[in-house]
Amino acid sequence: MKRILLCLMVALFATGCLFAKNNDEKMNVMSYNIRYDNSGDKDNQWKFRRDFAADLVKFHEADVFGAQEVLNNQLNDLLDRLPEYAYVGVGREDGKTKGEYAPIFYRKDRFSVEKSGNFWLAEDINAVGKGWDAACERVATWAILKDKNTGKKFFFLNTHLDHMGKVARHEGASLVLEQAKKLSENLPIIVTGDFNAVPSDEPIQVLTNPSDPRHLTHSRTIAGFTYGPEWTFHDFGKIPYDKREWIDYIFVKGNIKVLRHGVLTETLNNLFPSDHCPVISTLILE
């Protein structure tokens, strides 16, 4: 009997250790277009949304997230409200603080930055400016992060694709693939962003084309469990449900298991955290 009890205790201990190990390995990744600070948004202005926007990140326990449309004052607001996070990224209009950032936020207690950088979606990726026929400057921010829990490293890229220029949208998507392959050092790849494109549009087809060895996979399509609607942009609830579209993504490549994927549709009474829904995936680096 004592031997049986001892075996049971060892088995339970081993199971508990395995469970803890899996919990240590799980990583919540988010893509979150927070909507730039625009006085024309009236009741949906950032000053009314910023606490809610930060609380959403806390509640869903994002370990690392790519944000879009982040102006410098919004960046500081988020850092003030999320002191456990640090970031990498620059403003797209001067490579410093002017214009929208596409920053990567990460939990300081869990990750360290091994390398990081930025490039523009343009003919000259190192020069600030608009690319091809783009309506706006578009920047991508990247980092190689090391998970302190496991010692594993991965490549993370975040961006915001142009909404107008046909050439810029195609070339921007192609550039994301090219730079991810070049910079990732053969590590697992995670790409987040607002791509201003539904899954059937050309930019997403470029990114996910299985005949291209560099191709990425939309994490929702391989998730073990999915949650939420099949749309991410709602314009502060103004777009009818049947007209809403999917334009925000978490892509993956390499030895990454996607446990779940969700589209977060929270509101606080009549307040939205953004005009986009954040998307979140729980991943394990295998």
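Please refer to the structure higher up on the page.
Described below are features of the structure shown in this document. (Residues numbered from 1 in each chain as written. Predicted model: local features only at pLDDT ≥ 70, side-chain atom pairs only at ≥ 80, totals over all residues. Heavy atoms only, no water.)

1. A look at the pairing of strand 1 (residues 27-33)
Both faces of the sheet carry side chains from a regular strand, because those side chains alternate between them. With seven of its seven residues buried, strand 1 lies for the most part within the structure. Residues Met-27, Val-29, Ser-31 and Asn-33 of strand 1 are buried on one face, and the alternating residues Asn-28, Met-30 and Tyr-32, pointing to the opposite face, are buried as well. Two strands pair when backbone bridges link them, and strand 1 and strand 13 (residues 279-285) are joined in this way by five bridges, in the antiparallel orientation. Looking at the pairing, Ser-31 lines up with Val-279 of strand 13. Across five bridges, strand 1 lies against strand 2 (residues 64-68) in parallel orientation. For Tyr-32, the partnering residue across the bridge sits in strand 2 and is Ala-67. Traced from strand 1 through helix 2 (residues 46-59) to strand 2, the parallel crossover comes out right-handed. (Buried < 20%, exposed > 50% of the residue type's maximum accessible area, 1.4 Å probe, protein only. Helix = DSSP H or I, 4+ residues; strand = E, 2+ residues; numbered from the N terminus. Pairing = 2+ DSSP bridges. Right-handed = clockwise from strand over helix to strand, strands pointing away.)

2. Here's the deal with the sheet that holds strand 11 (residues 248-253)
Strand order in this open sheet of six strands is 5-6-7-8-11-9, and the pairing throughout is mixed. Of all strands in the sheet, those bounded by a partner on one side alone are strand 5 (111-120) and strand 9 (217-218). Bridge analysis of strand 5 against strand 6 (residues 139-147) gives nine bridges, and the strand direction is antiparallel. Each bridged residue has a counterpart across the sheet, and for Lys-115 the counterpart in strand 6 is Ile-144. Most of the contacts of helix 4 (residues 166-183) go to strand 7 (residues 153-160), to which it runs at about 155°, and overall it touches strand 5, strand 6, strand 7 and strand 8 (189-194). (Contact = heavy atoms within 4.5 Å. Axes fitted to C-alpha atoms, helices over the stretch in contact; angles between N-to-C directions.)

3. Let's talk about helix 3 (residues 72-81)
Those residues of helix 3 that sit buried are Gln-74, Leu-75, Asp-77 and Leu-78. Taken around the axis of helix 3, the buried residues stretch over an arc of 160°, which confines them to a single face. Along its buried surface, helix 3 packs onto helix 2, strand 3 (85-88) and strand 4 (104-107). (Arc of directions from axis to C-beta.)

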